Amino acid sequence: MQGTVDGFSYGLVTPLVAYFTACLGSALGLRCTTRSMVVAQSWRPGWLALGSAAIGSGIWTMHFVAMMGFTVRGTPIHYDRAMTFASLAVAIVMVGVGIFIVGYRGARGTALFTGGTITGLGVASMHYLGMASMSLDGKLEYNTLTVGISVAIAMAAATAALWAAGQVRGFLWSVGASLVMGLAVSGMHYTGMAALSVHLHGTSEPATGDSPASLLAPMLIGPLAFLLLAGVVVMFDPLMVMGKPTVVPVEPKPGIPAHTHVRHSARPLRFRPRRTVEHRASRTPQNR
C-alpha cells in the first residue's frame, strides 16, 4: 500500500526555520573560512575547523528541523539515535575535508572543484543517512534521477559558497553567499524528499526508535548552542565582521630587512661625494 507523504504538516514554519538555521551555519562557516585565508599559518587550522563545524551543524540542524514537518499517513515515524548523530559526524568531517582543501590550496581551479565536490557530497550524505535513520512500518523508495539532481544541487551550492568565501570581499558579500547556500541546501533537501515514496507494510508492529519530539531537545541544545557560540566568536572579531584582512600587520615582518636595507643604501649616497672628493684631493698632490 502506498503511503501518503506530507513534508509540510506544520505549514511554512518548519521550512522557514530550517532555512534560517542553514543560512546561520553557512554564514558563520564562510566567515571563518574567509578569516582563515588572511591569518598566520598557525591560526588557520583553528578557523577552518570552526567553519567546518558551523556549516556541518547548520545543515544537520536544518535537515532535522525540516523533518519535524515530515509525516506519513498511516504510520508513526521514529528515529535511530545513533545513526542520527552519525549523520552529524559525517556532515562535519566531509565538509571539513572540503574546507581544508580550499583553505590551504585556494578557492580556484582544481582545489575549488575538489573541495566543493567533497563538501557537496558531505551535505548529500548527511541527508540520506539521516533519512536512513527513520524507522516506520513501511519501505522507503527513491527515484534515482531525482536523487542525482539533489546531489548535483548540493555540489554546485557548496562549490559556489566556497568560491565566495575565497573572494574575501567583506561581510555583506559573505551574507549574500550564505543566503544563496542556505537556499540551495534547503532546495537540495526538499528535492531529495520529492524523490521519496513510502510503501506501507500494513502490519501492526510498532516502529522502534525515538520520536521526532524526543530528538528535538538535543537537536536544539547541542548544535544550535554551538552555532550561538560560533556567532559570539564572529561578533567579537571586528576584522572578520568588517571584512578587513589581517595581511597588513603580517607583511611588515619580512619587509623590515628590506626597509632597513633601503635606509643603509641611502646613507652611503650622502657620503660618497665627500669620500670621492677626499680621495681625489689626497691623490692629486701625490701624483704631482
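Procedures and definitions
- The residue numbers shown here count from 1 along each chain, following its written sequence.
- Local features in this predicted model are restricted to residues of pLDDT 70 or higher, and side-chain atom pairs are both shown and tallied only at a pLDDT of 80 or more, whereas totals for entire chains, interfaces and linings draw on every residue.
- Side-chain descriptors were evaluated using all non-hydrogen atoms of the structure, hydrogens and water having been removed beforehand.
- To qualify as a helix, a DSSP run of H or I must reach at least 4 residues; to qualify as a strand, a run of E must reach at least 2; elements of each kind are numbered from the N terminus.
- A simple rule labels every residue: compare its accessible area, found with a 1.4 Å probe on the protein chains alone, to the largest value its type can have, and call it buried under 20%, exposed over 50%, or partly exposed in between.
- Any pair of residues with heavy atoms lying within 4.5 Å of one another is described as a contacting pair.
- All accessible areas in this document rest on Shrake-Rupley with a 1.4 Å probe, and a residue is counted as covered only by the protein chains that are shown.
- Fitted lines through C-alpha atoms serve as axes, helices being fitted only where they are in contact, and the angles separating the N-to-C directions of these axes extend from 0 to 180 degrees.
- Under this scheme an angle from 65 to 115 degrees is roughly perpendicular, one under 35 degrees roughly parallel, and one over 145 degrees roughly antiparallel; angles in between are oblique.
- Left-handed describes a crossing whose near helix is turned anticlockwise from the far helix through less than a right angle; right-handed describes the clockwise counterpart.
- Three categories are distinguished: nonpolar for Ala, Val, Leu, Ile, Met, Phe, Trp, Tyr, Cys and Pro, charged for Asp, Glu, Lys and Arg, and polar for the others, with Gly belonging to the last.
- For every residue, the predictor reports its confidence as pLDDT, a number between 0 and 100.
- What we call a nonpolar core is a set of buried Ala, Val, Leu, Ile, Met, Phe, Trp, Tyr and Cys residues that are connected through their side-chain atoms within 4.5 Å.
- The criterion for an aromatic pair is that two Phe, Tyr or Trp rings (for Trp, the six-membered ring) have centres within 6.5 Å, with stacked assigned to planes under 30 degrees apart, edge-to-face to planes over 60 apart and tilted to the rest.

Undergrad: Explain the overall build of the chain here, please?
TA: Tallying secondary structure elements over the chain gives eleven helices and six strands in all. Residue burial in the chain is summarised as follows: out of 288 residues, 44% are buried. In the chain, once contacts between residues fewer than 6 apart in sequence are set aside, the share between residues at least 24 apart is 87%. Carbon and sulfur atoms form 68% of the exposed surface of the chain, whose accessible area is close to 15200 Å².

Undergrad: What should I look at first to understand the packing of helix α2 (residues 44-67) against helix α3 (residues 81-105) in this one?
TA: In a packed pair of helices, the relevant descriptors are the angle between the two axes and the axis-to-axis distance. The interhelical angle for the contact between α2 and α3, taken along N-to-C directions, is 140 degrees, at an axis separation of 8 Å. Regarding the angle of α2 to α3, the classification is oblique. The handedness of the crossing between α2 and α3 is right-handed. Its residues assigned to classes, the contact of α2 with α3 comprises 16 nonpolar, eight polar and one charged.

Undergrad: Would you explain the confidence of the model for the chain in this entry?
TA: Low-pLDDT stretches of the model should not have their predicted coordinates read in fine detail. Here the chain averages 77 in pLDDT, while 71% of its residues score no lower than 70. Here helix α10 (residues 247-250) stands out as the element of the chain with the lowest mean pLDDT, 43, in contrast to helix α4 (residues 109-132), whose mean of 92 is the highest.

Undergrad: For this particular structure, what's the right way to read the nonpolar core?
TA: One recurring pattern in soluble globular proteins: nonpolar side chains tend to sit buried together. Ile59, Met67, Phe70, Val72, Ile77 and Met134 are the most contacted members of the largest nonpolar core, which has 46 residues in total. Those elements giving two or more residues to this core turn out to be α1 (13-36), α2, α3, α4, α5 (144-165), α6 (171-194) and β6 (196-200). For this core, the element with the highest residue contribution is α2, accounting for nine residues.

Undergrad: What is the right way to look at the packing of aromatic side chains in this model?
TA: Two measures describe an aromatic ring pair: the distance that separates the ring centres and the angle between the ring planes. Counted by the stated rule, this structure contains six aromatic pairs. Ring geometry for tryptophan 60 and phenylalanine 85: centres 5.5 Å apart, planes at 35 degrees, overall tilted. With tryptophan 60 in helix α2 and phenylalanine 85 in helix α3, the pair connects residues that are 25 residues apart, well separated along the chain. Here a set of aromatic residues connected by ring pairs shows up, and it is made of Trp60, Phe64, Tyr79 and Phe85.

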